[in-house]
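# An overview of the molecular structure
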Amino acid sequence: MWEKVKNYLVANALNLNIGFFLFLLVFIIPQFFANNDSILLVIRGLIVATGGGYIFYKLLLFRKNNPNFKPSESKLLVDVAGSIIAILTGLLFGLILMLIVNPGQAFGGFFVILQGGFRNIKSFGDMIYFSVPIILTGLSVAFAFRTGLFNIGATGQLTMGAYAAVYIGVKWGVIGEFSPFLHWLVAILGAIVAGALWGAIPGLLKAYRNVNEVVSSIMLNYVAMYLNTMLIVKYIYNRDFARALAPKSTAVTPLMNLHYLLPNSSVSGGIVVAIVVVIILHIILNKTTFGYELKAVGFNRDASKYAGMNSKRNIVYAMVISGAVAGLAGGLMYLVDGKFLQPLNVLIPEGFTGIAISLLGLSSPFGVLLAGLFYGSLKQGGFYLQLYSFTPEIIDIIIAVIIYASALGLFLQKFVIRAMKKREMLIDQKPEEAVEGSDA
Amino acid sequence: MEYIVEMLNITKEFPGIKANDNVTLQLKKGEIHALLGENGAGKSTLMSVLFGLYVPEEGIIKVRGEEVHINNPNDANNYGIGMVHQHFKLVHNFTVVENIVLGFEDTKHGFLQFDDAIKKITDLSEKYKLKVDPNQLISNISVGMQQRVEILKMLYRNADILIFDEPTAVLTPQEIEELMNIMKDLTKEGKSIILITHKLKEIKQVADRCSVLRKGKYIGTVDVKTTSVEKMAEMMVGREVSFVIDKEVAKPKEVVLKVDNISVYNHALKKNSVTDVSFEVKKGEILCIAGIEGNGQTQLIESITGLNPISNGSLTLNGIDISHYSVRQRNNSGVSHIPEDRHRHGLVLDYSLEKNLILQTYFKELFQHKGFLKFDEIRINSDDLIDRFDIRSGKGSTTSARSMSGGNQQKVIVAREINRDTDLLIAVQPTRGLDVGAIEYIHKQLIAQRDAGKAVLLVSLELDEVMNVSDRIIIMYEGENVGEFDPTVVSENELGLYMAGSKRSDQ
């Protein structure tokens, strides 16, 4: 056993060292220099340089190990290129729209959109903050999708999760007196359980009664919405403001020292939770027998039946996990200072955005993480767009066009493959030319 | 002008592969020209080029001596080219006449008029002896008649260059005979026919000339009368092929699978799809279930493998009653299954080769530890099987199953099922859609399993396969077992009569 651990440590020394270094830089060191802007600047620079350098090193290593790598043969690269083209299409459409609405300011505004969350430190932190629930609902939809299920009910699961978290945050203050962190943890667990249970309903109906999960989960969205209103008014109502009571301060998501690194922004530890979930789902999907079964059911239900897999049980599990992640999104969204659940009878839009993000992220956990951050960045762009007298709704239109364009993915991929082929042929030809030249 | 269609130096390229490389095909007026080649040799691509589905990179097409550009199937129709596809393109809840006129309907004030069409169809069917009932629904008529409808569809559109894509795959011997006569009659009336097939016997029977393709390249055109079957096979495969399967006489031992009065009820059709079928499979023998497609073989096998519940009767495997076992329990107690539809059941096409090779064994201690897959073991397993079963693929273990050729996909399944080393091996149409080389290989594997003392249950629609491979034959008709035969004694014709339901033995 020790031998194994030692081998692992030796084999992954570089990865572990870099990971630890980044951990120190992000979570530990900044608090000691909270008042010193220039040192914070250096720390941020170090983080970017280390992360960027590491990725660059990995790419070089990959090139070295796979000298015959052809981009057009890699499904991942072709898919990613398709998504990027979709994004460019959406942005271009946004630009045209802005030129029509207000030609004078269009290019300035467009630049703001491109800048997005990278405008300044505050907007970067806000971008992360806003993308957390989107990432999680995206993960929820993506996970179900990998099992061949279309979980359109992420909104409902998110609502139930949010209610459970806020309820625990408001009512179970006793835990908070004992340990603040524990109170938050229990509230988050409550959100997860509530979302999981809400997700289990369409899963059970699908598995044992063959009810289409799209229909049942979309209807459950409304049930959750009205139930939420009813329960808020009954148990945790703040009559003065016509909204839910604020959760106790102990239940609010801990900042995990991130506010030192990104001062003045709304960033919180939610992003850490989201990244952990990304990693967990990635491991479940790609490393375990459970994920092997889930994906087999998703790719080909008949073959999974033929292989003797219990596809009914897997459908229920997939929906439970999907619901749990959506519930977690709800919990993290509302366990925040200054954000209140409201008995408004409106479907929470983050659940539906998750569908779009899942599509854009190619239903892979890391893809969803990137797509979610991108969405957050665009949202920030939309926020600052108001400086140029545009409405932030342009961002939603851009996102919609991007989703349409990604749905045309197969069509776009054809162009991508062709372009890559052309490039490869040029590269292949170069040495031949050299040989001919030397002969002459 | 001797040639009615000339395809000269056609080259069609797909990403990564030259499907047709400088192929020439010349069709004389009034001849039956066979196009022979293994799967993936480029026959279908060449015909798709002629039919306007693909545009070739190089080469010219001449119809009646004039160079033409065929950009879509409508162009092909206008030049009088018609195609009978391997999988019929018929609307099942339309009548025969509705299917035939589809796309060429006569209307009067916006309402459909069928009277003229019915008259024309009746004339055509009398002229070419294509017996059909114009007012029947497609779903109610036999496969043979559906094919005649497809032929009439071409004739109705005045096609005189007819392409038949593997037309005999779904027919009984008697129906094949009939089709051959129809084709000869058609050529007598001045039609020209291109017959795509890999069945040499049929080429010998009807074709005048034969062009051979191999791996996208044009090998040559021969006169069928003066060329032996062996010679054509060699041209097709590129080496000598043995048609006789060497096998010793079976030495059946104890019973492995006992099927006792099984019935399977079809809830959708509200009738039994399998009725009171009983048989035994012994160690060291190959039992073949023969019959025309759709006579309950699929349901019978699904009930044995656990995909479909039985409504009556019992299944015993090695003395244990497995009637109510789940698929996994059956797999674990000794059933291997090479499924009929390799894309639907046999493979997860989006999984890599190595992951497909552990489809029923991923949960075993060998491949997982506490729920985590052991990727090293999975790779060792797949490298070993790739080596032993000669599975060819672009990127070895990590190739996606989707990108592999049909023959190699089937090899993956065969390797996986044989490697599980169970007492009973069920193979359902294991050679469907495969080329001669792969068929030879799979037959050898089945016989090797038999000789190793396994019980093999083979379901086949191909009479050649039934006769050559099996040690005992059962024929199914309308879900019933209508007779048991010894392949060394019975004749193909005899079997054909049982398969068509015109004879049955009362045991």
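Residues numbered from 1 in each chain as written. Chains lettered and ligands numbered in written order. Predicted model: local features only at pLDDT ≥ 70, side-chain atom pairs only at ≥ 80, totals over all residues. Heavy atoms only, no water.

## A word on the overall build of chain B
- On a plain count of helices and strands, chain B comes out with 17 helices and 24 strands.
- Taken over 507 residues, chain B has a buried fraction of 54%.
- At a minimum sequence separation of 6, the contacts of chain B that also span at least 24 residues come to 66%.
- Carbon and sulfur atoms make up 48% of the accessible area of chain B, which totals about 22600 Å².
- Charge centroids of chain B, computed over 61 positive and 72 negative side chains, lie 2 Å from each other. (Helix = DSSP H or I, 4+ residues; strand = E, 2+ residues; numbered from the N terminus. Buried < 20%, exposed > 50% of the residue type's maximum accessible area, 1.4 Å probe, protein only. Contact = heavy atoms within 4.5 Å. Areas by Shrake-Rupley, 256 points an atom, 1.4 Å probe, with all protein chains shown as cover. Lys, Arg positive; Asp, Glu negative; His and termini not counted. Charge placed at Lys NZ, Arg CZ, Asp CG, Glu CD.)

## What to know about the interface of chain A and chain B
- Contact residues are listed per partner, giving 21 residues for chain A and 28 residues for chain B.
- A buried area of about 2200 Å², summed over both sides, lies between chain A and chain B, and 58% of it is on carbon and sulfur atoms.
- If you sort the residues of chain A by the area they bury against chain B, Thr 289, Tyr 292 and Tyr 306 of chain A come out on top, with a joint share of 38%.
- Our count for the contact surface shared by chain A and chain B stands at one salt bridge.
- Here Asp 302 of chain A ties to Arg 344 of chain B by a salt bridge, and the two come within 2.9 Å at their closest N and O atoms.
- Across the contact surface, chain A and chain B share 16 residue pairs in polar contact (both at pLDDT 80 or more).
- Top contributing element to the side of chain A that touches chain B by residue count: helix α13 (residues 289–299) of chain A, with seven residues.
- When its residues are assigned to classes, the side of chain A that touches chain B shows eight nonpolar, six polar and seven charged. (Buried area = accessible area lost by both parts, 1.4 Å probe. Salt bridge = Lys/Arg side-chain N within 4 Å of Asp/Glu carboxyl O. Polar contact = N/O pair within 3.5 Å; in protein donor to acceptor, adjacent residues only side chain to side chain. Nonpolar A, V, L, I, M, F, W, Y, C, P; charged D, E, K, R; others polar.)

## Points about the confidence of the model for chain B
- This prediction gives chain B a mean pLDDT of 87; 97% of its residues lie at or above 70.
- As a predicted assembly, this complex carries a pTM of 0.80 together with an ipTM value of 0.82. (pLDDT = per-residue confidence, 0-100.)

## Points about the domain arrangement of chain A
Residues and elements named next belong to chain A.
- Along its sequence, chain A is carved into domain 1 (1–67) and domain 2 (104–415).
- Here the C-alpha centre of domain 2 lies 28 Å away from the C-alpha centre of domain 1.
- Listed as interface residues are 10 residues of domain 1 and, on the opposing side, eight residues of domain 2.
- Summing both partners gives a buried area of about 770 Å² for domain 1 against domain 2, and 70% of it is carried by carbon and sulfur.
- Looking only at domain 1, the three residues that lose the most surface to domain 2 are Phe 27, Gln 31 and Arg 44, adding up to 61% of its buried area.
- At the surface where domain 1 touches domain 2, the tally comes to zero salt bridges.
- At the surface where domain 1 touches domain 2, the tally comes to two residue pairs in polar contact (both at pLDDT 80 or more). (Domains from an automatic or database assignment.)

## Some thoughts on the packing of aromatic side chains
- One pass over the full model with this rule turns up 13 aromatic pairs over all chains.
- Geometrically, the ring pair formed by Phe 23 of chain A and Phe 27 of chain A is tilted, given 5.3 Å between the ring centres and 40 degrees between the ring planes. Pair noted here: Phe 23 of chain A and Phe 27 of chain A are both in helix α2 (residues 13–28), with a separation of four residues, about one helical turn.
- Owing to a relative accessible area of 42%, Phe 23 of chain A belongs among the partly exposed residues under this scheme.
- Where Tyr 292 of chain A meets Tyr 362 of chain B, the ring centres are 4.9 Å apart and the plane angle is 40 degrees; that geometry is what we call tilted. On the criterion of chain membership, the pair formed by Tyr 292 of chain A in helix α13 and Tyr 362 of chain B in the loop between α12 (353–356) and β19 (368–369) is interchain, its members lying in two chains.
- A residue is classified by how much of its surface remains accessible, and Tyr 292 of chain A, at 1% relative accessible area, is buried. (Phe/Tyr/Trp six-rings, centres within 6.5 Å; stacked < 30°, edge-to-face > 60°.)

## Section: the packing of helix α7 (residues 154–171) of chain A against helix α9 (residues 180–209) of chain A
Residues and elements named next belong to chain A.
- Between α7 and α9, whose axes approach to 7 Å, the crossing angle comes to 150 degrees. It follows from the interaxial angle that α7 and α9 lie roughly antiparallel. Our pair here, α7 against α9, has a crossing hand that is right-handed. Between α7 and α9, the residues in contact are Gly 156, Gln 157, Met 160, Gly 161, Ala 164, Ala 165, Ile 168 and Gly 169 and His 183, Val 186, Ala 187, Gly 190, Ala 191, Ala 194, Gly 195, Trp 198 and Gly 199, respectively.
- Among the residues making up the contact of α7 with α9, the classes are represented as nine nonpolar, eight polar and no charged. (Axes fitted to C-alpha atoms, helices over the stretch in contact; angles between N-to-C directions. Parallel < 35°, antiparallel > 145°, perpendicular 65-115°, else oblique. Left-handed = near helix turned anticlockwise from the far one by under 90°.)

## A few points about unusual backbone geometry
- In this structure, Ser 363 of chain A is a non-glycine residue whose phi angle is positive, near 60 degrees.
- Along the polypeptide, Ser 363 of chain A turns up in the loop between α16 (350–360) and α17 (365–385).
- Of the residues examined, Ser 363 of chain A reaches a relative accessible area of 9% and is grouped as buried.
- Of note, the phi angle at Lys 370 of chain B is positive, near 50 degrees, even though the residue is not glycine.
- Within the fold, Lys 370 of chain B resides in the loop between β19 and β20 (372–373).

## Some thoughts on the layout of surface pockets
Residue and element names in this part refer to chain B.
- For the second largest pocket, the calculated volume is near 1200 Å³.
- As for the second largest pocket, its lining consists of 39 residues, and the residues nearest its centre are Ile 292, Glu 293, Gly 294, Asn 295 and Gly 296.
- Looking at the lining of the second largest pocket, the elements that each hand over two or more residues are α5 (143–156), α6 (173–188), β14 (271–282), α9 (297–305) and α11 (342–346).
- Broken down by element, the residue count for the lining of the second largest pocket peaks at four residues, all from α9.
- A breakdown of the residues in the lining of the second largest pocket according to their chemical character gives 12 nonpolar, 18 polar and nine charged. (1 Å grid on protein atoms, 1.4 Å probe; cavity = no way out; pocket = protein on both sides within 12 Å on 5 of 7 lines; lining within 4 Å. Points joined across faces, edges and corners; volume = space filled by probe spheres on them.)

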